[in-house]
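Reading the structure
In case you want the letters, here they are:
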Amino acid sequence: MTTINFPDSPAPNDTFSSGGKTWVWSGSVWNTATTSVGATGPTGPTGPTGPTGATGATGPTGATGADSTVAGPTGATGATGATGPTGPTGANSTVPGPTGPTGATGAQGTSINIIGTVATVGNLPASGNQNDAYIVQADGDLYVWDVVTEDWDNVGDIVGPQGATGPTGPQGDTGPTGPTGPTGVASATAPVVLANSVISIQDSPTFVGTVTANTFSGTATNASKINNRTIYVQSSAPSSGMSNGDIWIDIP
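As the structure is a computational prediction, the values presented were derived from the model and not from experiment. (Residues numbered from 1 in each chain as written. Predicted model: local features only at pLDDT ≥ 70, side-chain atom pairs only at ≥ 80, totals over all residues. Heavy atoms only, no water.)

Once that is clear, we can look at the overall build of the protein chain. For the protein chain, the helix and strand inventory stands at zero helices and 13 strands. Traced from its N-terminal end to its C-terminal end, the protein chain shows the element sequence β-β-β-β-β-β-β-β-β-β-β-β-β. Within the protein chain, the fraction of its 252 residues that count as buried is 13%. Roughly 20,900 Å² of accessible area belongs to the protein chain as shown, and the carbon and sulfur atoms make up 53% of that amount. (Helix = DSSP H or I, 4+ residues; strand = E, 2+ residues; numbered from the N terminus. Buried < 20%, exposed > 50% of the residue type's maximum accessible area, 1.4 Å probe, protein only. Areas by Shrake-Rupley, 256 points an atom, 1.4 Å probe, with all protein chains shown as cover.)

So this is what it looks like as structure tokens:
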């Protein structure tokens, strides 16, 4: 059984609660208090906001919503990326580019006075005037007199390399026909007649016939007057069988 310890020296109408019960001091004894419930009072004012509680665990991912029909704001421009490698060279353009503007007029050049040529550097004059110049044949270079250093300055070769041979010019027009030469002295050699790829020289022969494929066909008169000299008509010199006085006619 639970012992209840009432307070000492209570005043009349003092109350004491324990174990869910309430007693009232009458002045001489503790009487059980009668509980009466009154009407519900009005709602009190909202109390101050309590401290924020700890963050709860992340809930499960919800279903994907429908695509928005409103474009979001444009993001800030990102930093410029590193330059990429150089791409391969493209094919040559078939369209000429526009003509560039005319450049500014250059400064007036320095003129030189080429006086002549000398064989070697040692043959140059001892002095000269400003911009006097000589070509030294030994090295082909141009030497210009410098009034500051009082010496000849080698400014290099001013003659370019020999160019390639140009194309052959067109055939010239045929010249006029020359005058007729004088009549030559009558030949003491008899006529020539083609017979079997050779021409036999005879004294006043008379032939009646034709020549076909280097062969004479016909009748010869005074054949006994052949003087035994032969003219060879061929593209190369005869190599054997020639007699003194024979003649070779070169043909293409």
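Inspection of every chain in the model, using the stated rule, returns eight aromatic pairs. One aromatic cluster is present, built from ring pairs that chain together F6, F16, W23, W25 and W30. (Phe/Tyr/Trp six-rings, centres within 6.5 Å; stacked < 30°, edge-to-face > 60°.)

What follows covers the confidence of the model for the protein chain. Averaged over all residues, the pLDDT of the protein chain is 77; the fraction at 70 or higher stands at 76%. Contacts from residues 187–226, a stretch scored under 50 in pLDDT, to residues over four places away or in other chains number 65 contacts. (pLDDT = per-residue confidence, 0-100. Contact = heavy atoms within 4.5 Å.)

This part is about a nonpolar patch on the surface. The grouping of I112, I114, V155 and I158 at the surface amounts to a nonpolar patch, some 340 Å² of accessible area in total. Relative to the elements of secondary structure, I114 occurs in strand β4 (residues 113–118). (Patch = residues over 30% accessible without salt bridge, like charges linked within 9 Å, V, L, I, M, F, W, Y side chains within 5 Å. Salt bridge = Lys/Arg side-chain N within 4 Å of Asp/Glu carboxyl O.)

Quick look at the sheet that holds strand β7 (residues 151–157) now. Here we have four strands laid out as an open sheet, ordered β4-β5-β6-β7, and mixed in their pairing. Two strands bound the open sheet, and with one partner strand each, they are β4 and β7. Ignoring strand direction, the axes of neighbouring strands in this sheet form an average angle of 30°. Relative to β7, strand β6 (residues 141–146) runs antiparallel, the two sharing five bridges. Paired with D141 across the two strands is D157, which belongs to β7. (Pairing = 2+ DSSP bridges. Axes fitted to C-alpha atoms, helices over the stretch in contact; angles between N-to-C directions.)

Another aspect to go through is the nonpolar core. Counting residues in hydrophobic clusters, the biggest one holds seven residues: V118, L124, Y134, V136, Y143, W145 and W152. At the level of secondary structure, the elements contributing two or more residues to this core comprise β5 (132–136) and β6. (Core = buried A, V, L, I, M, F, W, Y, C linked by side-chain atoms within 4.5 Å.)

Okay, the pairing of β6 next. A large share of β6 lies buried, amounting to six of its six residues. Along β6, one buried face is formed by D141, Y143 and W145 and the opposite face, lined by L142, V144 and D146, is buried too. When β5 meets β6, the two strands line up antiparallel, connected through three bridges. Within β6, the residue paired with Y134 across the bridge is Y143. Connecting β5 to the next strand, β6, in antiparallel fashion are four residues, including G140 with a positive phi near 75°. Here β6 folds back onto β7, and the loop between the two strands holds four residues, one of which, E150, carries a positive phi near 50°.

Next up on the list: the sheet that holds strand β3 (residues 30–32). Pairing is antiparallel across the open sheet formed by three strands, whose spatial order is β1-β2-β3. Edge positions in the open sheet fall to β1 (15–18) and β3, since each of these has one partner strand only. Across this sheet, the average inter-strand angle for adjacent strands is 35°, counted without regard to direction. Relative to strand β2 (residues 21–25), β1 is paired through four bridges, and the arrangement is antiparallel. Its bridge partner lying in β2, F16 is registered against W23.

The subject of this paragraph is the side chain of D132. Tracing the sequence through the fold places D132 in strand β5. A polar contact is formed between the side chain of D132 and the backbone nitrogen of N129, at a distance of 2.9 Å. Here D132 is in contact with N113, I115, Y143, V144, W145 and W152, once residues within four sequence places are set aside. (Polar contact = N/O pair within 3.5 Å; in protein donor to acceptor, adjacent residues only side chain to side chain.)

A separate point is unusual backbone geometry. Phi angles above zero are rare outside glycine, and N131 is one such case at about 70°. Examined against the element boundaries, N131 turns out to sit in the loop between β4 and β5. A positive phi angle is found at E150, which is not glycine, with a value near 50°. Along the chain, the position of E150 falls in the loop between β6 and β7.

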